[in-house]
Amino acid sequence: MGLLQVGSQAPDFQVKDHTGNDVKLSDLRGKTIVLWFYPKADTPGWTAEGRGFRELISEYQQKNVQILGASFDTIDANAAFAKKFNFPFPLLCDTDRDIGMKYGACDSPTAGSAKRITYVIDPEGKISQVHGKVNAAEHPKELLATL
C-alpha cells in the first residue's frame, strides 16, 4: 500500500502505547495529530527526531497538536525508549502492523520495521500533510513551522 493522500480520511486505529494505555485516533478529534513512524526504538536517527519533538513539545501543544510516535516495537521496548529520553508523548506499539499497513508504513504484516513517514491529521480526521522522506534531526522544527 502506498502513502495516504492529502485530503483523505485518516484510518482509525486503536493500539496500546508504551504505558499500556489504549490510544484510539477517533478519541483525539479536535486536535491536530502528528503521527510519526520510526523504524525501531532507540536507534540514532529516531532518537534525534524524538528529542526534537520533545524539545518543541510546548510549542506543539500551544498549537493544539498531539504527537504520536509509532513503531512495531513492544510495550517494553518503547517504554524503555521513552524513559531513557524522557519523551512526553505516547509511543504507539503497533506490534501487529495494523497501523503501519493502513498508513503505508509497511508493505507486509511481517515487516521488520516501519518506513520513515510522518502524517499530519487535522482536527476533523483528514490527512493534511504527508512526509515520506525526512531529515530526522531537522524534521520536528521544520514540521512545526508548517502548522
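What you are looking at is a predicted structure, and each value in this text was computed from that prediction instead of being measured.

Thoughts on helix α3 (residues 75-85)
Next up, step 1: Three or more residues of α3 are buried, namely Asn78, Phe81, Ala82 and Phe85. The arc that holds the buried residues of α3, viewed along the axis, is 95°, so those residues lie on one side. Exposed residues pointing more than 90 degrees away from the buried face of α3 are listed as Asp76, Lys83 and Lys84.
Next up, step 2: Immediately beyond the C-terminal end of α3, within one or two residues, lies Asn86, with a positive phi of roughly 55°.

Concerning helix α5 (residues 139-146)
Next up, step 1: Turning to α5, its buried residues number three or more, namely His139, Pro140, Leu143 and Leu144. Along the long axis of α5, the arc covered by the buried residues comes to 130°, so they all point the same way. Away from the buried face of α5 by more than 90 degrees, exposed residues Lys141 and Ala145 are located.

Let's talk about the nonpolar core
Next up, step 1: The biggest cluster of nonpolar side chains holds 24 residues, and the ones touching the most others in it are Phe13, Leu35, Phe37, Leu92 and Tyr103.
Next up, step 2: At the level of secondary structure, the elements contributing two or more residues to this core comprise β3 (32-37), β4 (65-71) and β6 (117-121).
Next up, step 3: Val34, Ala41, Leu56 and Leu91 belong to the second largest nonpolar core, which has 19 residues in total.

Some thoughts on the sheet that holds strand β5 (residues 91-93)
Next up, step 1: Judged by pairing direction, the sheet is mixed, and its 5 strands sit side by side in the order β5-β4-β3-β6-β7 without closing on themselves. What marks the edges here is a single partner per strand, and that holds for β5 and β7 (127-131). Along the sheet, successive strands turn relative to each other by an average axial angle of 20°, direction set aside.
Next up, step 2: Of the pairings in the sheet, the one linking β3 to β4 comprises 6 bridges and is parallel in character. When the bridges of β4 are listed, Val34 appears paired with Ile67.
Next up, step 3: Sheet strands touched by α3: β4 and β5. Its angle to β5, the strand with the most contacts, is close to 165°.
Next up, step 4: Across the sheet, α5 lies against β3, β6 and β7, angled at about 150° from β7, the strand it touches most.

Some thoughts on the pairing of β3
Next up, step 1: Within β3, 6 of the 6 residues are buried, leaving the element largely enclosed by the surrounding structure.
Next up, step 2: Of the two faces of β3, the one lined by Thr32, Val34 and Trp36 and the one lined by Ile33, Leu35 and Phe37 are each fully buried.

Let's talk about the pattern of salt bridges
Next up, step 1: By the definition in use, this model includes 5 salt bridges.
Next up, step 2: Among the salt bridges present, the one from Asp22 reaches Lys16, with a minimum N-O distance of 3.2 Å.
Next up, step 3: Judged by its relative accessible area of 36%, Lys16 falls in the partly exposed class.
Next up, step 4: Between Arg54 and Glu55 there is a salt bridge; the shortest N-O distance is 3.6 Å.
Next up, step 5: Assessed through its relative accessible area of 24%, Arg54 is described here as partly exposed.
Next up, step 6: Accessibility expressed as a relative area gives 58% for Glu55, which makes it exposed.

Here we look at unusual backbone geometry
Next up, step 1: At Asn64, a position not held by glycine, the phi torsion is positive, near 60°.
Next up, step 2: Looking at the element boundaries, Asn64 is found in the loop between α2 (57-62) and β4.
Next up, step 3: The residue Arg97 is not glycine, and still its phi comes out positive at about 65°.
Next up, step 4: Looking at where Arg97 falls in the secondary structure, it is placed in the loop between β5 and α4 (98-102).
Next up, step 5: Relative accessible area serves as the criterion here: at 13%, Arg97 is assigned to the buried category.

Criteria and cut-off values
- Residues numbered from 1 in each chain as written.
- Predicted model: local features only at pLDDT ≥ 70, side-chain atom pairs only at ≥ 80, totals over all residues.
- Heavy atoms only, no water.
- Buried < 20%, exposed > 50% of the residue type's maximum accessible area, 1.4 Å probe, protein only.
- Helix = DSSP H or I, 4+ residues; strand = E, 2+ residues; numbered from the N terminus.
- Arc of directions from axis to C-beta.
- Core = buried A, V, L, I, M, F, W, Y, C linked by side-chain atoms within 4.5 Å.
- Pairing = 2+ DSSP bridges.
- Axes fitted to C-alpha atoms, helices over the stretch in contact; angles between N-to-C directions.
- Contact = heavy atoms within 4.5 Å.
- Salt bridge = Lys/Arg side-chain N within 4 Å of Asp/Glu carboxyl O.

Remember, this is a structural readout, not a statement about activity or role.
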